[in-house]
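Listed here are the chains, written in short residue letters.
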Amino acid sequence: MATQDTFEGKNTSSLSDESAFQKGSARVTYRRFKNKSAHALFLGATLIGVVILAILLYDIFQRGLPYLNSDFIQNFASRRPSQAGIQAALWGSIWVIAVTAPLTFVIGVASAIYLEEYSQKGFLYRFIQLSIGNLAGVPSIVFGMLGLTIFVRQLALGRSVLAGALTMTLLILPIVIVSAREAIASVPNALRHASLAMGATRWQTIRQVVLPYSLPGILTGTILALSRAIGETAPLIMVGAVTYVAFNPTSLMDEFTVLPIQIYNWMGQPKEEFQYLAAAGIIVLLAILLSMNAIAIYLRNKFQR
Amino acid sequence: MKHHAISVQDLNLYYGDKHALKDIKIDIEEKSVTALIGPSGCGKSTFLRTLNRMNDLISGVKISGVINVHDQNIYDNEVEVEMLRKQIGMVFQAPNPFPKSIYDNVAYGPRIHGMRNKNELDQIVEKSLRGAALWDEVKDRLKDRATGLSGGQQQRLCIARALAVEPEILLMDEPTSALDPISTAKIEELVQELKQNYTIVIVTHNMQQAARISDKTAFFLNGDLIEYNDTDTLFSNPEDQKTEDYITGRFG
Ligand SMILES: Nc1ncnc2c1ncn2[C@@H]1O[C@H](COP(=O)(O)OP(=O)(O)OP(=O)(O)O)[C@@H](O)[C@H]1O
Ligand SMILES: [Mg+2]
């Protein structure tokens, strides 16, 4: 009570002191100036990113949009720019993702369930957790070398869709495991206990309570990881995705190329027109990435509690 | 003379090095309400969790002694913990409905124990919700999310959910501590009705509550069971000085 009294006392005294509200007090002016500069500085920092992105998009769209038509989507690679298209690269990307997505989802979620629900939270748990965290930060080229050694050479899969997809799986698996673990760990223990206390087994509890609760988070993490895989170039170059492919893959053992590699290839061509094709390819790639992120955001909002 | 639903002998429990339950010996009567009271940290919840083996979930717990239910030691190796927990249900301190519909919450237990028949499930859901005095309030919105109910309704839903697996014994750990007085009164009333058919063990911090609803009361202190007697006797004429100190509010 005493503190409140003094507080009120101060308040009334400053109310009667009219000058406290008048502009021009030097200290206040200085503080307001600092506040305004900080505001401007942070706004500027934000604008740098936005402006660069805008320039980039403008440049790409301005160059690529005129070339973006159904012929471009349907044509195969060609030495003549007017006949070149992305069909093989588009299908190659689709094949790689179609194999990578179920593999990472199943292995990633299974590992996350084991780590969070079954394993003892002892030394081994912390060691595995740390290792997976570190793997998620390893440069993608390293996974390319791993894929080249294991899948292409040791397992003799050659420069196939399968070798590429398995390499991509290794690359994004740590990311999927980390995000799935976080989603599973966010399930309140009270819900697990409620289920177990009714006589459910661990697996029933996981199936009926833990997974439904954490699925949106797991899916979001998986989709974001896959969208990273779609944009990756380096590891696939290592495992021998080819730059000039004039056919769609028809089996897992076929040679293939993917969108980013096709774009990279066009950028390196001397003829200027190929640069425009590359820009058009980037627009397609961006459209795919943006729609995947949109799906992830949609899922998150739809299931948010 | 009533039968013993649970008979505990020489029960000791350690969390690592911490001796949390010391030589507990207690017989709990069938179809009655037994209240567990005592200051915070004395081991009430720990004791309650030994009765349906929920302590198994905590790593580093060591338990010795015998807990007989139907002349079977529930800590024997051949006991299936899932069947034990079906027989001994539990209601927690904070309401913890699943983020599913009201119907699916109540049907959860029967379903995990293998019931698929829609008609039977409908009947069990209605019977359990009536048993938990919630039916009239929710019968028109069984498909709604359970998390949209009020706290008191959620807790009665959790009781209905526990009843749906048709246990014999119901363990309740401070089921009203998160509720307002009206919801609390409803649940106390409910406990009185449930004891016609169920054996109830309830932890409470509220001594008026223990005196109102229980037939027998056990007073715990620092992991020891100090006194166990008819509720009327324990509150009006405690044998142990420590019990008297506690119930008269001199400590705890
Ligand atoms: N998981 C655990 N690990 C280690 N010690 C624990 C654990 N749970 C409880 N304890 C300890 O065991 C003792 C008994 O705890 P318990 O939760 O049974 O007390 P309680 O009587 O239910 O208290 P409250 O009235 O506050 O709920 C306490 O000293 C507590 O610190
Ligand atoms: Mg407790």
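Fair warning: this is a prediction, and the values are worked out from it, not measured in the lab.

### With respect to the overall build of chain B
Within chain B, the regular secondary structure consists of 10 helices and 10 strands. Considered along the principal axes of its C-alpha atoms, chain B spans approximately 55 × 45 × 35 Å. Relative to its full complement of 252 residues, chain B shows a buried share of 55%. In chain B, once contacts between residues fewer than 6 apart in sequence are set aside, the share between residues at least 24 apart is 67%. For chain B, the accessible area works out to roughly 11300 Å², and carbon and sulfur atoms hold 44% of it. In chain B, 29 side chains carry a positive charge and 37 a negative one; their mean positions are 6 Å apart.

### Overview of the sheet that holds strand β5 (residues 72-73) of chain B
Residue and element names in this part refer to chain B. Pairing within the open sheet is antiparallel, and its four strands lie in the order β2-β1-β4-β5. Of all strands in the sheet, those with a lone pairing partner are β2 (18-29) and β5, marking the two edges. Where strand β4 (residues 61-69) meets β5, two bridges bridge the pair, whose relative direction is antiparallel. From the neighbouring strand, V69 faces β5, where its bridge partner is Q72. Across the sheet, helix α1 (residues 44-51) is in contact with β1 (4-15), β2 and β4; its angle to β1 comes to roughly 120 degrees.

### Concerning a nonpolar patch on the surface
Residue and element names in this part refer to chain A. Together, L53, L56, L57, F61, L65, L68 and I73 make up a nonpolar patch on the protein surface, roughly 540 Å² of accessible area in all. Here the nonpolar patch gets four residues from one element, more than from any other, and that element is helix α2 (residues 26-64). With respect to the helices and strands, the residue L68 is situated in the loop between α2 and α3 (70-74). According to the relative accessible area criterion, L68 is partly exposed, its value standing at 30%.

### A word on the site of ligand 1
Residues and elements named next belong to chain B. For ligand 1, the set of nearby residues contains 14 residues, the closest of which are S40, K44, S45, T46 and H205. Contact between ligand 1 and K18: an oxygen atom at 3.5 Å from a side-chain N or O atom of the residue. A distance of 3.3 Å separates an oxygen atom of ligand 1 from a polar atom in the backbone of C42. When the free accessible area of ligand 1 is taken as 630 Å², the share hidden by the protein chains comes to 65%. For the shell around ligand 1, the elements supplying multiple residues, two or more each, are β2 and α1. Taken together, the residues of the shell around ligand 1 break down into four nonpolar, six polar and four charged.

### Section: the confidence of the model for chain B
When pLDDT is averaged along chain B, the result is 93; 98% of the residues meet or exceed 70. Here the prediction assigns the complex a pTM of 0.83, and the interface score ipTM is 0.92.

Basis of the calculations
Residues numbered from 1 in each chain as written. Chains lettered and ligands numbered in written order. Predicted model: local features only at pLDDT ≥ 70, side-chain atom pairs only at ≥ 80, totals over all residues. Heavy atoms only, no water. Helix = DSSP H or I, 4+ residues; strand = E, 2+ residues; numbered from the N terminus. Buried < 20%, exposed > 50% of the residue type's maximum accessible area, 1.4 Å probe, protein only. Contact = heavy atoms within 4.5 Å. Areas by Shrake-Rupley, 256 points an atom, 1.4 Å probe, with all protein chains shown as cover. Lys, Arg positive; Asp, Glu negative; His and termini not counted. Charge placed at Lys NZ, Arg CZ, Asp CG, Glu CD. Pairing = 2+ DSSP bridges. Axes fitted to C-alpha atoms, helices over the stretch in contact; angles between N-to-C directions. Patch = residues over 30% accessible without salt bridge, like charges linked within 9 Å, V, L, I, M, F, W, Y side chains within 5 Å. Salt bridge = Lys/Arg side-chain N within 4 Å of Asp/Glu carboxyl O. Near = heavy atom within 4 Å. Polar contact = N/O pair within 3.5 Å; in protein donor to acceptor, adjacent residues only side chain to side chain. Nonpolar A, V, L, I, M, F, W, Y, C, P; charged D, E, K, R; others polar. pLDDT = per-residue confidence, 0-100.

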